Amino acid sequence: MKTCLVVDDSKVIRKVARHILETLDFSVAEAGDGKEALVYCEATPPDVVLLDWNMPVMSGMEFLRALGEAELSRRPKVVFCTTENGIGHIRAAIEAGADEYVMKPFDRETLYSKLQIVGLA
Amino acid sequence: MEVSDGATRVLAGLLEARTGQQLQVGRRWRLETGLAPLLRSHGYASADALVSHIQAGHDHALADAVVDALLNNETSFYRDQASFALLKDKGLARLQRERGAGRRLAIWCAGCSTGQEAYTLAMMFADEPARWEGWTIDIVATDVSRGAIEAARAGRYSHFEIQRGLPMAKMVRWFDKEEDVWVAAPALRQAVRFQQRSLLDAAPHPGRFDAILCRNVLLYFSSSLRRQVFGRLASVIAPDGVLMLGAGETVIGNTEVFVSDFECRGLYRPILPEDAWRAA
Ligand SMILES: C[S@@+](CC[C@H](N)C(=O)[O-])C[C@H]1O[C@@H](n2cnc3c(N)ncnc32)[C@H](O)[C@@H]1O
Ligand SMILES: [Mg+2]
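What counts and how
Residues numbered from 1 in each chain as written. Chains lettered and ligands numbered in written order. Predicted model: local features only at pLDDT ≥ 70, side-chain atom pairs only at ≥ 80, totals over all residues. Heavy atoms only, no water. Near = heavy atom within 4 Å. Polar contact = N/O pair within 3.5 Å; in protein donor to acceptor, adjacent residues only side chain to side chain. Areas by Shrake-Rupley, 256 points an atom, 1.4 Å probe, with all protein chains shown as cover. Nonpolar A, V, L, I, M, F, W, Y, C, P; charged D, E, K, R; others polar. Pairing = 2+ DSSP bridges. Helix = DSSP H or I, 4+ residues; strand = E, 2+ residues; numbered from the N terminus. Axes fitted to C-alpha atoms, helices over the stretch in contact; angles between N-to-C directions. Contact = heavy atoms within 4.5 Å. Buried area = accessible area lost by both parts, 1.4 Å probe. Salt bridge = Lys/Arg side-chain N within 4 Å of Asp/Glu carboxyl O. Phe/Tyr/Trp six-rings, centres within 6.5 Å; stacked < 30°, edge-to-face > 60°. Buried < 20%, exposed > 50% of the residue type's maximum accessible area, 1.4 Å probe, protein only. Lys NZ or Arg CZ within 6 Å of the ring centre and 35° of its normal. Domains from an automatic or database assignment.

- Chain A carries the name Response regulator in an unreviewed UniProt entry, which gives Sphingomonas quercus as its organism.

## Some remarks on the site of ligand 1
All names here are of chain B.
And then number 1: Surrounding ligand 1, one finds 21 residues, the nearest of these being Thr19, Thr75, Arg79, Asp143 and Asn216.
And then number 2: Here Thr19 contributes a backbone N or O atom positioned 2.7 Å from a nitrogen atom of ligand 1.
And then number 3: In the environment of ligand 1, a nitrogen atom lies 2.8 Å from a nitrogen or oxygen atom belonging to the backbone of Gly111.
And then number 4: Burial of ligand 1 by the protein amounts to 98% of the accessible area it has alone, namely 600 Å².
And then number 5: Residues belonging to the shell around ligand 1 are distributed by class as follows: five nonpolar, 10 polar and six charged.

## Digging into the sheet that holds strand S2 (residues 26–31) of chain A
All names here are of chain A.
And then number 1: Across the sheet, which stays open at both edges, the five strands sit in the order S2-S1-S3-S4-S5 with parallel pairing between neighbours. With partners counted over all chains shown, the strands left at the sheet margins are S2 and strand S5 (100–103), one partner each. When the angles between neighbouring strand axes are averaged without regard to direction, this sheet yields 20°.
And then number 2: Where strand S1 (residues 2–7) lies against S2, six bridges are found, and the strand directions are parallel. Within S2, the residue paired with Leu5 across the bridge is Ala29.
And then number 3: Contacting S1, S2 and strand S3 (48–51), helix H1 (residues 11–23) crosses the sheet at an angle of about 165° to S2.

## Regarding the interface of chain A and chain B
Interface size is commonly expressed as the accessible surface area that is lost when the partners come together.
And then number 1: Counting residues at the interface gives 22 residues for chain A and 17 residues for chain B.
And then number 2: When the two sides are added together, the surface that chain A and chain B hide from each other amounts to roughly 1600 Å², 61% of it contributed by carbon and sulfur.
And then number 3: Considering only the surface of chain A that becomes buried against chain B, Ile87(A), Met103(A) and Ile117(A) emerge as the three largest contributors, covering 31% of it.
And then number 4: At the junction of chain A with chain B, the criterion picks out one salt bridge.
And then number 5: For Asp107(A), the salt bridge goes to Arg164(B), with nearest N and O atoms at 3.1 Å.
And then number 6: The tally of links from chain A across to chain B stands at 12 residue pairs in polar contact (both at pLDDT 80 or more).
And then number 7: Elements with a minimum of two residues in the side of chain A that touches chain B: helix H4 (87–95), S5 and helix H5 (108–117) of chain A.
And then number 8: At six residues, the largest contribution of residues to the side of chain A that touches chain B is made by H5(A).

## Focus on the environment of Gly32(A)
Residue and element names in this part refer to chain A.
And then number 1: Considering the arrangement of structural elements, one finds Gly32 in the loop between S2 and helix H2 (34–43).
And then number 2: Residues Gly32 and Asp8 lie 24 residues apart in sequence; the distance between their C-alpha atoms is 5.1 Å.
And then number 3: If near-sequence neighbours (up to four positions away) are discounted, Gly32 is found in contact with Asp8, Asp9, Arg14 and Met55.

## Considerations on the packing of aromatic side chains
And then number 1: Inspection of every chain in the model, using the stated rule, returns 12 aromatic pairs over all chains.
And then number 2: Geometrically, the ring pair formed by Tyr78(B) and Phe84(B) is edge-to-face, given 6.0 Å between the ring centres and 70° between the ring planes. For the pair formed by Tyr78(B) and Phe84(B), the shared burial category is buried.
And then number 3: The rings of Phe77(B), Tyr119(B), Tyr157(B), Phe175(B) and Phe194(B) are connected pair by pair, giving a single aromatic cluster.
And then number 4: The ring centre of Phe26(A) lies 4.9 Å from the NZ or CZ of Lys2(A), which sits over that ring.

## Some remarks on the domain arrangement of chain B
Residue and element names in this part refer to chain B.
And then number 1: When cut into domains, chain B gives domain 1 (5–70) and domain 2 (81–279).
And then number 2: For domain 1 versus domain 2, the separation of C-alpha centres amounts to 29 Å.
And then number 3: Counting from both sides, the interface comprises 10 residues of domain 1 and, opposite them, 12 residues of domain 2.
And then number 4: For the pair domain 1 and domain 2, the interface holds one salt bridge.
And then number 5: Where Arg146 meets Asp64, a salt bridge forms, and the shortest distance between an N and an O atom there is 2.9 Å.
And then number 6: Scanning the region where domain 1 abuts domain 2 turns up six residue pairs in polar contact (both at pLDDT 80 or more).
And then number 7: Counting residues per element, the ones that place at least two in the side of domain 1 that touches domain 2 are helix H1 (5–19) and helix H4 (60–70).
And then number 8: If one sorts the elements of the side of domain 1 that touches domain 2 by residue count, H1 sits on top with three residues.
And then number 9: Across the side of domain 1 that touches domain 2, the residue classes tally to one nonpolar, five polar and four charged.

Written out as structure tokens, the structure reads:
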């Protein structure tokens, strides 16, 4: 089963994302900020991280940079999932090494489509 | 809202006459959901009232709008990623070799809906400027639906449409953002000629194509009409041209004038006269 770590400080978003991902046959774990996510990835790197931008403690961008420096057994795909929908933000995400970008609000089709693009659906 | 059997027959007849599309019994709900906004905006109390107005035969715009409302316009960018990869890496590669002298390709996207498929093609060329340097690529995209063609030409996509199939890098490269709408860049829009035209009518200019995309359109044609349309496509495709169908579609059992392209499995090529002779 494919695995996805949903990283978002909103419990509601995590729940919505989890629900959709489970219908897409993913096994889902959750983290509330970048720091928690990093710890999780170091222990059990998932196939993909669905990553919010704005979070307390450690933002999505900070997480992405830290992930690049971390020693992992394998590198998960990273799909941003954020209300930051400006072209500037998307370019910054691309430059920082994100694999795809979901603009909130999203639905099942959006998530499915982006996971297909990164080769996981 | 219930649509009476009589009204259903008339509307199904109108749809089939204009487009060749048959209203599937299981898709009758489309009538209700499709027509509801139209009834509201035009102030008809029922589908029967609308139908009798259409039958009076004066309101062509209304008949157009009804046909548009009944068509299934579902589409997305890079619909079936793997098929487009095949087209790019195999189909177009072969055509590029064969057409090296004239450096000209004509491509017809038949049943292009709101433009995503045609813009996908345009991006495939625009993303590889070195590969296509000096080439003239003529992409013509047609659809029977006026509304779909208008939307395609405008090249304006919603938050949800733009996130179907389109990788982020292409999105920011080829689309500008205006509030919540994503607008195809001028270079992309200029790369495609959009025309309202039915597959049941003559092929668009230049009337001879190196590649034809006819995807998820012939599904709801009767088998005899489908056969006829394949015949017409064969008559306007180059002998070494490629036909691309929807991922779930095939020529097998639907026509004898196209066969699976053994060099590019998943694409189809017309059967040459000598092949036909051999097959007979
Ligand atoms: C389901 S969409 C498919 C769009 C696109 N080719 C794709 O695969 O994503 C089918 C399109 O075919 C168009 N269509 C149906 N009958 C047609 C006809 N007779 N001539 C041209 N287009 C037609 C419809 O208006 C609709 O936009
Ligand atoms: Mg947040």
